[in-house]
Amino acid sequence: MFRRVLSLILVVGLGLTIGIWLKFPTIQVGQSPTAQSVKVQPKEPTLVCPGPVFVNGGLNGVTLGSFTQSGTATISGHDNSSAISATILGEKLLTGHAAGSKGFNAIQGQFANGQQAFGLAAASCVPGSNQAWLVAGDNSIGREALLVLANATSVDATVSLQLYGTSGPIQGAGLSGISAPAGKVTVLPLSSFAPKAETFAVQVSSRGAELGIWLQQKTVRGLTPGGLDLVGVSAEPSKTVLIPGVFLRSSVALANLATANKDFADTKPILRVTAPGEKDANFTAQIQGADGASFGNVLQGTVPAGSTRDFALEDLTDGNYSVQINSDQPVLGGVRFSRLSGSLPDFAWAGSVVPTKLDAGFTALAGATTKLSIVNGNKAKVSFSVEGKTYSIPGNSNLVLTVSAGTSYSIKSDQTLSVSQVIDIKGGVSVAPILDYQNVGGTLKVLVR
Amino acid sequence: MSTQVTALLVVHNEPASALRALQAIQEQTLKPTRIVILDSSETQTQLPIASQTISPKSKLGQIIQAGLSGLSSDPNHWLWLVHDDSAPAPTALSELVLATKNSETIAQVGALQLSTTRSREISQLGLTLSRFGEIINPVRGQRDQAQHDQVKDVLAVGTSSMLVRTDAYQLIGGIDDRAVALATDVDLSMRLRRHGFRVVVAPRAKVEHQGLTLAGKRGHKWLGGDTKTALRKATIQLRLVHDPLPLALLFWLALPLLTFYRMFWRLAQKRPSFLWAELRSGLWGFLTIFSRLASRSNAGKLPTKSLKPLRATRAEVSQHKRQALDAEESAQSLVAFERGDHEQEATEQPRNFSQSYGWLFMALLLAISWQQLPLQDAVSGGSATPLSNDWFAIFARAGASWQPIGQGFVAPSDPFNWVLLSISSLTFWAPNLSLVILLWLARGLAFASAWRMLSLLTAKAWQKNLGALLYSVLPVFTLAISAGDFATVVAGILTPWLVFAVARAAGLGRSGSARSDARTWSWVGLAGVLLAAVGAAAPALVALTLAGLGLVAFTKIRRFGYLFWIPLPLAAIYLPLALFQIGEPLALLAHPARSMALPDALPVWSSWVLGLIALVALAALLTKRWVVSLGIAGFALLAYVFELFVKSLQFPAGISGSTNALEAAVFLAVVALAIHFGSQLKSRLALAAMSTALVVGLTPLAYLAFTHPNQTQSSDGSVVPLLLQKQAEQGTDLQFLVINLQDDAYQVQWQPIGGLHLEDRNLAYSFSARSTTKDATYQALSQVVGNLVSANGLADARVLRENLIGYVLVPTSLQNAALVASLESSSLLESAGLTPFGELWRVVGLSASDVPQTPHSPWSITKVVQLGTLLGFALLAIPSRGRSRRPSDSVIFIDQSESELDV
């Protein structure tokens, strides 16, 4: 028996010794392939600006189906050390020297005050893309949503659209194979795909050249124009969506207007949520005021799979807000809000912005009052600097900074942030996200196996 | 005129026998006319009568010619040739001479040869040939009961104590010394026959014959090889000399192929000891054709066909072989008994798998594996990559020395490809289906395998069932199945089988079966194939299994001759890779399956359950057979240490060690120990406690196996977009690039247009990162990719065309969005659309029709050797017909004690 017990002790002892104390040093066997550093020249930096507002009926307003650009738009920008400033009558291709937004950026703006359009339309000039989500638009009576596709390259593009309405994806003829010829701007009235639809989101996919993609939304009540916006590309679907730049003003007056006239009901702020996936999305939206000056709200809702729904943002007083949506499925989001510009309302669509660790640049539109709405969707505090001046923003909060018109700024953060410019001219409002693009170039790491 | 007989005694190094033979000649009732002694011994033999000394190198024909010199050759003069290992009975010569009186055409008379050890056993009475030219000794082994006592015609007689007419002998040119030793007798008789003479046997002429030549006791030099070689050479000689010329030439031409076939046939017969003889004889026959043809010069005018009635019938051949086998088996059994290493059937006949309701448990395990139900053609994801849908492509990759990766890579393919080839061959029309079915059957097969192994330790069916169930639901096995890690699954299934087969070959375990040589070779064959498969599937297990095999060989040193051959197939398939990785030997421990980027996690409680089983296992050390338990526990600890060592190895990205298979081996030993403990228990209470503990462990593990989510997804087996697949099917050398942005680096995979399937995975390539990335072509391609992704319009189309890159694919992902946009704007590329694998572009100006496929032979010397070895062992592994004696036939074995493992 002694030998048996001894063997047991031996085995248990050895087992424990091996399990607890035996540690082999890490031995490298073979080499992982290392990526090769390749020096490449970046693509010539270009930005495309959509130009002035598109109006139906030609210059005289009588040629239906013909969209022409009306008025002039002002471009403010920055290319390396030189400022860009221009007034344009049509789409504009800017060619720069710096490869990223930090050195080369531009924004365009136009306060339209004509028979067919009234309001501020401002948008960042963009380097172009092949994919875009646009969470905005209304095709009901008196409302017009136009898809603007600017192809400033020498290569044609073919575009496909997918519209997500309240009852799911909108089917119809002509949604694919749409031609966007080289060097031209193609304008598509979305009412031809989704007539009278009040609520929808658009997914644009193109093959061939990269396009500048915007959605121009316009409101005319009776014969009086009452709102205009140029909506840029939204962030990709995500379970967390950050929407900066919901700056509400003249809420009481607008509410009274809506009460008095049903045609002004769309001046109330709404949150638009699209669930492009195959499952229903249950979300919670936190509308959060900046600086503690305004209290927000919390909204919960469900969006059926493949559809878009609007949710009224109730009980919000004037203030600077941002929206954070947390969902169990990837969603897209955008907020429409209005202001009074004199006696007429104007509206803006604040789109969601991809949280990015920023090293970007932007220019505040000349002749406009511009504020930055900065949202930190992280739990932890984030430090960032604007033109060298450092700021910090607590976790899950937002901050507002005022910037000077016509001035270019650089912005850099140590963690991800979502930032938009809120632009105000004569009471008209527009929201344009800060873009952090960078042309691929310099030294790249490439591993061919 | 009276008959004259010259007795010719040929002496060669057997003085005592020669003296006895001379005495026998002198004691004949019919005295020979004269006695001539010819001595070719190394040292001259002292005999009462003067002998003529002949060179020891002289052959029999020369010796006889020397004896006949100066003597007349006429029909009344006969030569009686007596070998020094023969002792003719006193009436032998008179009976032989009497037989000659039957006919004037009789030219040769053979005697009835009796065994020297068993005096009434016939060792030869005439010789004949089978259909295939093998020499048949038709009445060998029979007891002489006067049943053959009639003079009768035969095809041939042995030269020992034959009486041959001297004129006929001289007419045919005597014994042909060009013929191999064992063919001379039959050749002489056949030539006499073909010259129109008769050859008969006189059974009353009895001769005791030691048969030293046939027994190989005169030395291999005399025979021209060992007995097996000599016999085969004799067959070849006779066919080349006596077959019609066209047939003989055809036989000669087919001889290499025939030799190859016969080698496999010998393996199928479980007679690997004949391999060398077959090879040597085949080469000899093929290379000495002119000498054989020269022997045809005086073969006789009558066609060999005329001798057909004297040839052995099929029944006679069959009976002859059966007798030979029986004799061999009896001899081996006796030798084994004398050695004392034979085994006995267990006194308590255990219930077999079916009687133990093994099928029921297998069915239960299949139900538990519901997530792996084979409802699809293939699986991908996790560690799984589909095989090619073309079986020939898998065959081409097994044992290949050239890999279709990048520019083409010269390196040995993974040994695991042989396992994949074997499995996929089961459903060769849809190779992936076998793998899908394997995942579903894995637990059931592991159960059956472990059940077999546990039968080495216990006879109780419920204990085997319980232990096998525990093994089949081990968490590590569950992980491998859910991840589609085919290599670990194969290793998990086969390891217990391997242990069982090695134990059988070594004669270890509760019941033995290695009573016959053929059966032992079967186990050796099976163990060899299994070791190769396990080693290929889990290379880290190789060192462990070889250590175990070494230990077994050490404890069963008498079985070393068998066990030595077990690693041969493993060596055959691993040697090329081992030589390739000679500078990085630890690379041989790399696992052949793709490692998962995020390994699947198991619940913590599964470790506690395994701890409980380990506790039960430890109790085995306190039982009576603690030495066996200590051995198993030691092996488990060794496996554990080795697992920790392999875990400490850091392989290149995407490669890991076979740690899961090692962990399975550790727990196989733990389960074996637990069951060994149970087999020692007598008390019902203790048995109940032990089984309760194991069932408590089994239940959560079965639940885990039932619920653990699959990491794999259904697939149609394609790995590239349909467009590329179809172009690959048409046959083209076009390649394509897969570009992915990962961790700020563009990862580019350079693949053949048909994509990389599971069989294309190559460890040698994975370990050759440094050499390939320094290659100028790879650097040029990197530059082109850099220019493409930056969309600067500077990408050099020439580099793409020169490297036959026809397509570029970018997998769909958020990170690749900018990459897609860049490639869209390139004028070198033309969009081919969005595919399930991502965005695809065609390189402008290069089409599949411009680049036809370069044929690559699927064969190489390496492959032939590997395939030959594997097939040989597979043939060896197939059990032969049950020819071994039943226990009741061999009473001498019944009282044998238990084997050494049962100490």
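Residues numbered from 1 in each chain as written. Chains lettered and ligands numbered in written order. Predicted model: local features only at pLDDT ≥ 70, side-chain atom pairs only at ≥ 80, totals over all residues.

Attention now moves to the overall build of chain A. A count of helices and strands for chain A gives 2 helices and 34 strands. Intrachain contacts of chain A at a sequence separation of at least 6 include 76% that bridge at least 24 residues. (Helix = DSSP H or I, 4+ residues; strand = E, 2+ residues; numbered from the N terminus. Contact = placed C-beta atoms within 7 Å.)

Now for the overall build of chain B. A tally of regular secondary structure across chain B gives 33 helices and 22 strands. When the backbone C-alpha atoms are referred to their principal axes, chain B occupies close to 115 × 80 × 45 Å. Going through the 903 residues of chain B one by one, you find that 52% of them count as buried. In chain B, once contacts between residues fewer than 6 apart in sequence are set aside, the share between residues at least 24 apart is 78%. (Buried ≥ 20, exposed ≤ 12 C-beta atoms within 10 Å, placed from the backbone.)

Here the focus is the interface of chain B and chain A. With 52 residues of chain B in contact, the opposing surface of chain A contributes 46 residues. Taken together, the elements giving at least two residues each to the side of chain B that touches chain A come down to α24 (626-647), β16 (649-650), β19 (745-752), α29 (769-773), α30 (776-790) and α32 (817-824) of chain B. Broken down by element, the side of chain B that touches chain A gets its largest block of residues, 10 residues, from α30 of chain B. Broken down by class, the residue content of the side of chain B that touches chain A amounts to 33 nonpolar, 15 polar and 4 charged. Bridging between strand β34 (residues 442-448) of chain A and β19 of chain B involves 4 bridges; their strand directions are parallel. Looking at the pairing, Leu447 of chain A lines up with Gln747 of chain B of β19 of chain B. (Nonpolar A, V, L, I, M, F, W, Y, C, P; charged D, E, K, R; others polar. Pairing = 2+ DSSP bridges.)

Here the focus is the sheet that holds strand β10 (residues 118-124) of chain A. All names here are of chain A. What the 4 strands build is an open sheet, ordered β7-β6-β9-β10; its pairing is antiparallel. Each edge of the open sheet is held by one strand with a lone partner, namely β7 (82-88) and β10. Here the strands of the sheet are splayed against their neighbours by 15° on average, with no regard to which way each runs. As paired strands, strand β6 (residues 73-79) and β7 are joined by 7 bridges and run antiparallel to one another. (Axes fitted to C-alpha atoms, helices over the stretch in contact; angles between N-to-C directions.)

Moving on: the nonpolar core. Within the largest apolar cluster, 155 residues are counted, with the highest numbers of intra-cluster contacts made by Val502, Ala527, Leu530, Ala669 and Ala674 of chain B. The element that contributes the greatest number of residues to this core is helix α18 (residues 486-506) of chain B, accounting for 16 residues. When residues no more than four places from it in sequence are discounted, the contact partners of Ala669 of chain B are Ile632, Phe635, Ala636 and Ala639 of chain B. The next biggest cluster of nonpolar side chains, apart from the first, holds 119 residues, and it includes Tyr164, Ile170, Val335 and Val375 of chain A. (Core = buried A, V, L, I, M, F, W, Y, C linked by C-beta atoms within 7 Å.)

Right, let's talk about the domain arrangement of chain B for a bit. In terms of domain boundaries, chain B breaks down into domain 1 (4-329), domain 2 (360-403 + 410-713) and domain 3 (722-755 + 775-846). Once you take the C-alpha centre of each, domain 1 of chain B and domain 3 of chain B turn out to be 77 Å apart. (Domains from an automatic or database assignment.)

In terms of backbone geometry, most residues other than glycine have negative phi values and most peptide bonds are trans. In the Ramachandran plot, Lys426 of chain A falls in the positive-phi region, its phi being about 55° despite a non-glycine side chain. Looking at the element boundaries, Lys426 of chain A is found in the loop between β32 (408-425) and β33 (428-433). Although it is not a glycine, Ser161 of chain B adopts a positive phi angle of roughly 60°. Structurally, the position occupied by Ser161 of chain B is in the loop between β10 (152-153) and β11 (162-165). With 31 C-beta atoms packed within 10 Å, Ser161 of chain B lands in the buried category.

Residues and elements named next belong to chain B. One way to put it is that helix α19 (residues 517-537) packs onto helix α20 (residues 540-555) with a least axis distance of 6 Å and a crossing angle of 145°. When the axes of α19 and α20 are compared, the crossing they make is right-handed. Between α19 and α20, the contacting residues are Leu531, Val534 and Gly535 on the first element and Leu541, Val542 and Thr545 on the second. Of the residues that constitute the contact of α19 with α20, the class distribution is 4 nonpolar, 2 polar and no charged. (Left-handed = near helix turned anticlockwise from the far one by under 90°.)

Residues and elements named next belong to chain B. Taking 1.5 Å as the rise per residue, α18 with 21 residues should run 30 Å; its terminal C-alpha atoms sit 30 Å apart, in good agreement. Helix geometry: α18 is bent most strongly at Leu494, by close to 35°, with proline Pro496 lying one to four residues after it. The element α18 is extensively covered by neighbouring structure, given that 21 of its 21 residues are classed as buried. Once α18 finishes, Gly507 follows within two positions and takes phi at roughly 75°, a positive value. (Expected span 1.5 Å × (residues − 1). Bend = angle between axes of the 7 residues up to and from the residue.)

This paragraph deals with the packing of α18 of chain B against α19 of chain B. All names here are of chain B. Contact geometry of α18 with α19 gives a least axis separation of 8 Å together with a crossing angle of 155°. With respect to α19, the axis of α18 lies roughly antiparallel. With respect to the hand of their crossing, α18 and α19 are arranged in left-handed fashion. Residues Ala487, Val490, Ala491, Leu494, Thr495, Trp497, Leu498, Ala501, Val502, Arg504 and Ala505 of α18 form the contact with α19, whose participating residues are Thr520, Trp523, Val524, Leu526, Ala527, Leu530, Leu531, Ala533, Val534 and Ala537. By residue class, the composition of the contact of α18 with α19 is 18 nonpolar, 2 polar and 1 charged. (Parallel < 35°, antiparallel > 145°, perpendicular 65-115°, else oblique.)

Pairing between the strands of a sheet comes from backbone hydrogen bonds, and it takes one of two forms, parallel or antiparallel. Strands sit in the order β2(A)-β34(A)-β19(B)-β18(B)-β20(B)-β22(B)-β21(B) across an open sheet of 7 strands; the sheet is mixed. Strands at the two margins of the open sheet, each flanked by one partner only, are β2 (36-40) of chain A together with β21 (829-835) of chain B. Pairwise comparison of adjacent strand axes, ignoring direction, gives a mean angle of 30° for this sheet. Across 4 bridges, strand β20 (residues 805-810) of chain B lies against strand β22 (residues 838-843) of chain B in antiparallel orientation. Along β22 of chain B, the bridge assignment pairs Tyr807 of chain B with Arg842 of chain B. On the sheet, α30 of chain B packs against β2 and β34 of chain A together with β18 (735-742) and β19 of chain B and is oriented at approximately 125° with respect to β34 of chain A. Running over the sheet, α32 of chain B touches β18, β20, β21 and β22 of chain B and is turned about 145° from β20 of chain B.

Working note: regular strand, side chains alternate between the two faces of the sheet. Residues and elements named next belong to chain A. Where burial is concerned, most of strand β20 (residues 238-248) is hidden: 8 out of the 11 residues are buried. Note: β20 against strand β25 (residues 319-341), 8 bridges, orientation antiparallel. Pairing of Ile243 across the sheet is with Val323, part of β25.

Attention now goes to helix α23 (residues 605-618) of chain B. Between the first and last C-alpha of α23 of chain B there are 20 Å, a value that for 14 residues agrees with the 20 Å anticipated at 1.5 Å per step. Burial in α23 of chain B covers these residues: Val609, Leu610, Ile613, Val616, Ala617 and Leu618 of chain B. In this fold, the buried residues of α23 of chain B make contact with α1 (2-21) of chain A together with α16 (461-472), α25 (659-680) and α26 (684-707) of chain B.

What follows concerns the environment of Ala430 of chain B. Residues and elements named next belong to chain B. As for its placement among the helices and strands, Ala430 is situated in the loop between α14 (416-424) and α15 (431-454). The exposure class of Ala430 is partly exposed, given the 15 C-beta atoms found within 10 Å. Put simply, Ala430 and Ala378 are 52 residues apart on the chain and 9.0 Å apart in space, counted from C-alpha to C-alpha.

Residues and elements named next belong to chain B. Along the chain, the position of Tyr765 falls in helix α28 (residues 763-766). Separated by 360 residues in the primary sequence, Tyr765 and Ile405 have C-alpha atoms spaced 8.3 Å apart. Apart from residues lying up to four places away in sequence, Tyr765 is in contact with Gln403, Ile405, Phe409 and Ala411.

Residues and elements named next belong to chain A. Relative to the helices and strands, Ile423 is located in strand β32. Under the C-beta neighbour-count criterion, Ile423 is labelled buried, with 27 such atoms within 10 Å. With 58 residues separating them in the primary sequence, Ile423 and Leu365 have C-alpha atoms 7.6 Å apart. Those residues in contact with Ile423 that sit more than four places away from it in its chain are Gly109, Leu120, Ala122, Leu365, Ala368, Thr370, Ser430 and Ala432.

As a note on interpretation, predicted positions should not be read in detail where pLDDT is low. Residues and elements named next belong to chain B. Across chain B, the average pLDDT comes to 87, with 93% of residues at 70 or higher. Counting contacts from residues 341-347, a segment whose pLDDT is below 50, to residues more than four positions away or on other chains yields 23 contacts. Overall, residues 883-903 carries pLDDT values under 50, and its contacts beyond four positions in sequence, including any with other chains, amount to 29 contacts. The ipTM for the predicted assembly is 0.72, set against a pTM of 0.75. (pLDDT = per-residue confidence, 0-100.)

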